[in-house]
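# Analysis of the macromolecular model
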Amino acid sequence: MEMLLLGGTAFLGREIARAAVARGHRVTCLARGTAPAPDGAVFVVGDRDEPGGLAPVAGQAWDCVIDVSRQPGQVRRAVASLTAAHWVYISSASVYADDSRLEQGEDAAVVEALDGDVMDTMEAYGAAKVACEIAVRAAGTTATLVRPGLIGGPGDDSGRSGYWPWRFAHPTGQDVVVPDDPELPCALIDVRDLAEWIVTAGEQRLDGVVNATGPTTPLREMLARAAEAAGAGGLRMLAVPVETLTELGISGWAGPASLPLWIEDPEARGLGTLDTGRARAAGLVTRPVVETFQGALAFEEVRTSPRRAGLSDEDERRVRDAVEGRPAR
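Residues numbered from 1 in each chain as written. Predicted model: local features only at pLDDT ≥ 70, side-chain atom pairs only at ≥ 80, totals over all residues. Heavy atoms only, no water.

### A short note on the overall build of the chain
Using the following cut-off: Each helix is a run of DSSP H or I of at least 4 residues and each strand a run of E of at least 2, with the numbering of both proceeding from the N terminus. Residue contacts are counted whenever heavy atoms from the two residues lie within 4.5 Å of one another. Each accessible area is a Shrake-Rupley result for a 1.4 Å probe, and residues are judged covered by the shown protein chains and nothing else. When charges are counted, Lys and Arg are positive and Asp and Glu negative, with His and the chain ends excluded. The atom standing in for a charge is NZ when the residue is Lys, CZ when it is Arg, CG when it is Asp and CD when it is Glu.
A count of helical and extended segments in the chain gives ten helices and 19 strands. Taken along its principal axes, the extent of the C-alpha atoms in the chain is 65 × 40 × 40 Å. Relative to all contacts within the chain whose residues are 6 or more apart in sequence, the contacts with residues 24 or more apart total 75%. Taken as a whole, the chain presents about 13800 Å² of accessible surface, with 50% of it coming from carbon and sulfur. In the chain, 32 side chains carry a positive charge and 47 a negative one; their mean positions are 3 Å apart.

Quick look at the structure:
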């Protein structure tokens, strides 16, 4: 296949390019040039925000175009400028309107589409992805609209999948601070598994919306597998009540002073858990989550950029001291 990947130099896009090259496809990656494309892929420099940014790849008919953009204007221009037999668009579970529902199917209600070409705040992320989906549906070809949940594994710069195995590997005391919410439903898909399946969807010209994530798993099991990945299965966990975490300014999911995988909002406990029956019937296979944590930990041990999720050593000591009644150090 002649495959065009709009992106292809970071995290998911890079893994897609690797997987497609390994299967013998001729892969072209168009990106701004801030990072190299994987070996075996043709790299074309192009800024999709500039007039003519797609010109270097617009004169060829592509068997499959894969797009990961969050900006509706970029996607609309791509659909208008490029000739493709099939599109694969990487959307998000964030499009769903009701985050309280567990394992939503593809027919669940979505948020209203963003009215405009540019998403300028993360609060508009789901709405922007809906607008991008609408643009790809209008291409007049078959199209796979992939809605992943939380993506993790090697290269996860966010730290959302890497924090827990890293913390178990680098404890600040005799235990690891965790939220006292053991039955919270979680789901995580390895970037390598998602990339392989996206290439499969392109090969099969799978048409329609498809959820893609790992199996729904209680937080306690996720944490146990993170500890296993770190070789710290015997390390005690200090379960801190949700109310205490809130009082201490500890949030869930991502950002500074956060506990990834955990969702403190009772109205969002279904976030990221998805019904993936359609994807699995179409070939999606997900590895054991301990392997995803192992890959994420390997990346954490060599990363050079700051982690964007989790507790700092100081934050964890502060929480532990508050729970144990010691003055903050």
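### Brief notes about helix H5 (residues 191-204)
For clarity, the cut-off: The span you would expect from a helix comes to 1.5 Å times its residue count less one. Partly exposed residues are those whose accessible area sits between 20% and 50% of the maximum for their type, while under 20% is buried and over 50% is exposed, using a 1.4 Å probe and protein chains only.
Relative to the 20 Å expected for 14 residues at 1.5 Å per residue, H5 spans 20 Å between its end C-alpha atoms, a close match to the ideal helical length. Here H5 lies mainly inside the structure; ten of its 14 residues are buried. Taken as a whole, H5 has its buried residues at Val191, Asp193, Leu194, Ala195, Trp197, Ile198, Val199, Thr200, Ala201 and Gly202. With its phi angle positive at about 50 degrees, Arg205 sits one or two positions after the end of H5.

### Let's talk about the layout of surface pockets
Worth spelling out the cut-off: Here a cavity denotes a set of grid points, spaced 1 Å apart and computed over the protein atoms alone, in which a 1.4 Å probe fits but from which it cannot get out, and a pocket denotes an open set meeting protein on both sides within 12 Å along at least five of seven lines; residues with an atom within 4 Å of a point are reported as lining. Grid points are joined across faces, edges and corners, and a volume is the space filled by probe spheres set on the points. The classification used treats Ala, Val, Leu, Ile, Met, Phe, Trp, Tyr, Cys and Pro as nonpolar, Asp, Glu, Lys and Arg as charged, and all other residues, Gly among them, as polar.
In this structure, the largest pocket spans a volume of roughly 1900 Å³. Val68, Arg70, Met122, Tyr125 and Lys129 are the residues nearest the centre of the largest pocket, which is lined by 50 residues in total. Of all the secondary-structure elements, those providing two or more residues to the lining of the largest pocket are helix H1 (11-22), strand S2 (26-31), helix H3 (125-137) and strand S17 (255-256). When residues in the lining of the largest pocket are grouped by element, the largest group, four residues, is from H3. The class makeup of the residues in the lining of the largest pocket is 21 nonpolar, 17 polar and twelve charged. What the second largest pocket holds in volume is close to 210 Å³. Among the elements that line the lining of the second largest pocket, the one with the most residues is H1, at four residues. Residues belonging to the lining of the second largest pocket are distributed by class as follows: four nonpolar, two polar and four charged.

### Observations concerning the sheet that holds strand S8 (residues 142-148)
Which entries qualify depends on this criterion: In this description, strands pair whenever DSSP reports at least two bridges between them. Fitting a line to C-alpha atoms yields each axis, with helices limited to the stretch in contact; the angle taken between N-to-C directions then spans 0 to 180 degrees.
Overall, parallel pairing links the seven strands, which are arranged S3-S2-S1-S5-S7-S8-S13 in an open sheet. Edge positions in the sheet fall to strand S3 (42-45) and strand S13 (208-212), since each has one partner strand and no second. Averaged over all pairs of adjacent strands, the angle between their axes in this sheet comes to 20 degrees, without regard to strand direction. For strand S5 (residues 64-67) and strand S7 (residues 86-90), the ladder comprises three bridges, and the chain directions are parallel.

### Describing the packing of helix H2 (residues 72-81) against H3
Relative placement of two packed helices is described by the angle separating their axes and the distance separating the axes. Inclusion rule: Any angle that is under 35 degrees is reported as roughly parallel, and any over 145 degrees as roughly antiparallel; angles of 65 to 115 degrees are reported as roughly perpendicular and all others as oblique.
Where H2 contacts H3, the two axes come as close as 9 Å, and the packing angle between them is 5 degrees. In this view, H2 runs roughly parallel relative to H3, as classed from their interaxial angle. Across from Pro72, Val75, Arg76 and Val79 in H2, the residues of H3 making contact are Ala128, Ala131, Cys132, Ala135 and Val136. A per-class count over the contact of H2 with H3 returns eight nonpolar, no polar and one charged.

### A word on the packing of aromatic side chains
To keep it simple, the criterion reads: Stacked, edge-to-face and tilted labels apply to pairs of Phe, Tyr and Trp rings (six-membered ring for Trp) whose centres lie within 6.5 Å, assigned for plane angles under 30 degrees, over 60, and everything in between, in that order.
Tallied over the entire structure, the rule returns two aromatic pairs. Note on Tyr163 and Trp164: the rings are 5.1 Å apart at their centroids and 65 degrees apart in plane angle, and the pair reads as edge-to-face. On the basis of relative accessible area, Tyr163 is assigned to the buried category, the value being 0%. We classify Trp164 as buried; its relative accessible area is 0%. Taking the centre distance of 6.4 Å and the plane angle of 40 degrees together, the rings of Trp164 and Phe168 count as tilted. In this pair, Trp164 and Phe168 are both assigned in helix H4 (residues 163-169), four residues apart and thus about one turn of the helix distant.

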